[in-house]
Amino acid sequence: MRNERTAPFSVALESENIDLREISRLANFGVPDGLRLRPIYWKLMLGYLPTDRKLWESTLKDMRDLYDTYVHQFFIKVRKSTEDVCVDPLSDEPINDKGPSDSAWAEYQKNAKLLIEIDKDVRRTHPMVQFFRCDPEYLAKFGVTQKDIGSYQSNVGDKSPAIKFSSLTNNSEKGTIFNPPERNRARLNGLLTDFDRLANGTFGGILDKPQVSQHHAALVRMLMLFARLNTAIQYVQGLNELVSMIYYVFYTECEPEERQYAEADAFWCFVNLMSAVGDIYTVGLDGDVIGIRGHMSRLMKGIEARYPACHKHLSSLGIPADFFAIRWFTLLLAGEFELPDAVRVWDTVLGGRVNGPDGVMDRLQAVCVTMIGFVEDDLLQCGYSETITMLQKYPVVDVNHLLGFAVPKEVTAANNVVSNSEGPASPGGVEGAYRGF
Amino acid sequence: MLVLCIGDLHIPSKAIKLPEAFKKPLSPGKLHHVISTGNLTNLATHDMLRDLASNNLLGVAGEFDDLEFPSKLVENLGGIRVGITHGHRVIPRGNIDALAALTRRWDVDILVVGGMPEFAIHQIDGRFIICPGSATGIAMPPYTAARPSFAVLDLQLDRFGVYHYSVDDSGALSVNKESYLLHEEEEEDKEGQLAEGEERMLEDEEDDDDDEANL
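The name an unreviewed UniProt entry assigns to chain B is Vacuolar protein sorting-associated protein 29, from the organism Carpediemonas membranifera. Of the comments in the UniProt record for chain B, the one headed Sequence similarities (unreviewed entry) reads "Belongs to the VPS29 family."

As annotated in an unreviewed UniProt entry, chain A carries the name Rab-GTPase-TBC domain and comes from Carpediemonas membranifera.

Asker: Please provide a residue-by-residue account of the overall build of chain B, values included.
Answerer: Counting its regular elements, chain B contains three helices and 11 strands. From first element to last, N terminus to C terminus, chain B shows the α and β order β-β-α-β-β-β-α-β-β-β-β-β-β-α. Restricting the contact set of chain B to residue pairs at least 6 apart, pairs at least 24 apart contribute 57%. Carbon and sulfur atoms make up 52% of the accessible area of chain B, which totals about 8,900 Å².

Asker: Can you explain the sheet that holds strand β6 (residues 110-113) of chain B? Please cite residues and give values.
Answerer: Residue and element names in this part refer to chain B. With mixed pairing, five strands are arranged side by side in an open sheet as β4-β5-β6-β8-β7. Either end of the sheet is taken by a strand with one partner, and the two such strands are β4 (72-77) and β7 (120-124). Along the sheet, successive strands turn relative to each other by an average axial angle of 20°, direction set aside. Packing of helix α2 (residues 96-106) onto the sheet brings it into contact with β4, β5 (80-85), β6, β7 and β8 (127-131), and relative to β8 it is tilted by some 125°.

Asker: Tell me what's going on with the nonpolar core, and back it up with residues and numbers.
Answerer: In terms of nonpolar packing, the biggest core is built from 145 residues, with Trp42(A), Leu239(A), Trp328(A), Phe329(A), Phe337(A) and Trp346(A) touching the most fellow members. Of all the elements, helix α13 (residues 262-277) of chain A adds the most residues to this core, at 11 residues. Beyond its immediate stretch of four places on either side in the chain, Trp346(A) contacts Trp42(A), Leu242(A), Met245(A), Ile246(A), Leu273(A), Leu331(A), Leu332(A), Ala334(A) and Gly351(A). The next biggest cluster of nonpolar side chains, apart from the first, holds 24 residues, and it includes Leu77(B), Ile121(B), Leu153(B) and Tyr180(B).

Asker: Would you mind going over helix α21 (residues 399-406) of chain A in detail, with residue names and values included?
Answerer: Looking only at α21(A), the buried set comprises Val399(A), Leu402(A), Leu403(A) and Ala406(A). All buried residues of α21(A) lie within an arc of 95° about the axis, which places them on one face of the element.

Asker: I'd like a rundown of the side chain of Thr125(A), residues and numbers included.
Answerer: Residue and element names in this part refer to chain A. Looking at the element boundaries, Thr 125 is found in the loop between α5 (104-123) and α6 (136-140). Overall, Thr 125 belongs to the buried group, its relative accessible area being 0%. There is a polar contact of 3.1 Å between the side chain of Thr 125 and the side chain of Asn 240. Excluding residues within four positions of it along the chain, Thr 125 makes contact with Phe 132, Asn 240 and Ser 244.

Analysis parameters
Once a new chain begins, its residue numbering starts again from 1 and follows that chain's sequence as written. Each chain is given a letter, starting from A, and each ligand a number, starting from 1, according to the order in which they appear as written. For this predicted model, a pLDDT threshold of at least 70 governs which residues receive local features, and a threshold of 80 or more governs which side-chain atom pairs are given and counted, while totals over whole chains, interfaces and linings are taken from all residues. Hydrogen atoms and water are omitted, and side-chain values are computed over all heavy atoms in the structure. UniProt positions are given in the numbering used here, feature names are shortened, and annotations may be inferred rather than shown by experiment. Counting from the N terminus, the helices are DSSP H or I runs at least four residues long and the strands are E runs at least two residues long. We call two residues contacting when some pair of their heavy atoms lies within 4.5 Å. Methods summary: accessible areas were calculated by the Shrake-Rupley approach with a probe of 1.4 Å, and residue burial reflects only the protein chains presented. We call two strands paired when DSSP finds no fewer than two bridges between them. Axis lines are fitted to C-alpha atoms, over the contacting stretch for helices. Their N-to-C directions set the angle, which ranges from 0 to 180 degrees. Nonpolar cores are built from buried Ala, Val, Leu, Ile, Met, Phe, Trp, Tyr and Cys residues. Side-chain atoms within 4.5 Å join them into one set. Each residue gets one of three labels from its accessible area relative to the maximum for its type: buried under 20%, exposed over 50%, partly exposed in between, using a 1.4 Å probe on protein chains only. The directions from the helix axis to the C-beta atoms form the arc being described. We define a polar contact as two N or O atoms separated by no more than 3.5 Å, with the added condition that, inside protein, one atom must be a possible hydrogen donor and the other a possible acceptor, whereas residues neighbouring each other in sequence contribute only through side-chain atom pairs.

Here is the structure:
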């Protein structure tokens, strides 16, 4: 059974010119675990890797170098440029707001605020997953122990100066908690990367406590870079969930020697993903048909078409899709399932990319509609508040079973009629996806 | 990272409030740490400073403080070691050599010291001593009154900028900026280090007395 599923997948990925439709079809049953295939599949689906295997090496090298360049520019060089720009301290100084709004210092303050906001969300990302938890080894490089962080955090809200300061000074005999283990800078620098050194775990002291693991630091870097490069979206809550999913899969499922590149790869895949689904994050498009409202009304139509009883139930209770589905869409369902299940859902959702630029969103629509139908029996028994609770905290279900309903049968069947029913030209979105189901 | 260095406000005993011109630069959300060199002296002033940088107040006690602060702090701010003390225990008071000895004893790159109404910055052996002055400009015997002032440090990897804010007699704000490189003498020859080591040995006995006094 296992070989039946994994063998075609491996074969399809090993061919010189990869057939995206074929692997997307295979991935509807889930990408096989444990064979390190998922990162490759996601990279292909997100358009990061070209279908021609011969181009992989050069593409990867170019993109990884480019990412390094960006990181260097934004996190290391950037402060030196403010140094050069500020000629007259009176016209442009750090805290008086007297300078022009596009001055180097205004920019600096804006970025610092953004960094603090991103850091807060990253600290809350998947707190129950070991991968994203506190890494004592990483902290030790800054001479900080997990206990220090814990006690420091618990004291942050403390308003009494006496307790706060005494706890700070008692933390270690040196009277400080962020002390590097020793003064010897050369040796310290050997242990840390450029970013860490610059950052001291706190991005140059802008954050008030160090990042708790290298993965957190990587997430913050990726989100900061994205915000700087995409001024239309910048940063909104939820992006941290998307980027952490991609990074988690790339880091944990790739070859060990590839791990150092997981961050760069994840960043570019995240950028590509956002170009596919970014419209729902853009405030200006909220009311538009491609914005979040458009998706909400399409979702309700999809439910009406497939599960009329559910639609009737929801509308009789006066529950619009906004109440539960905004989160489903903005997190691409990453928040509704446990991490491994969410990864499985993404296998299917990302596979929609082969159907054109809107394919991912159409697949997501399809899965969301199915999620309603999947709990139809329970849902119809529920009153107003129970319905909302149930949909906002979706029950644990068999994801494979659920996704089996979500994707039209002819897509999963091994023939080539796919383009007829789910081609990029199909105008109806959800309607199109369900034709013939 | 932007670090505010401020101290010797002496509110309400010697001054009623901060100068009006400081109100605008000193508003929350722009600074990442606040270093208070002591003598605030009331709780309201402490709260005001604390809120400037979302609870990241590093405060030490001056001789008139009733609040419970430590007498010294050594912090690593973004990779730069910063020592903070009010300096009223340094004898002779305000003596640069005595302060330079402190920077070596605590092994800090920058020592922020209060207790003097005049803004000053000294570079000794690649370490820096910064006195932000008094934010209300009051007289502190044996010193006479000066222009109210505070300083904002812009700490970077290997360098830092000092923005010195002061108010003149007409109440207008003026800002001066100076930039310094840290660890310029990293490749220093051994002679200098030896001298430093000897000095430290000599100081150690005095240190013990001093530290006891501090406790």
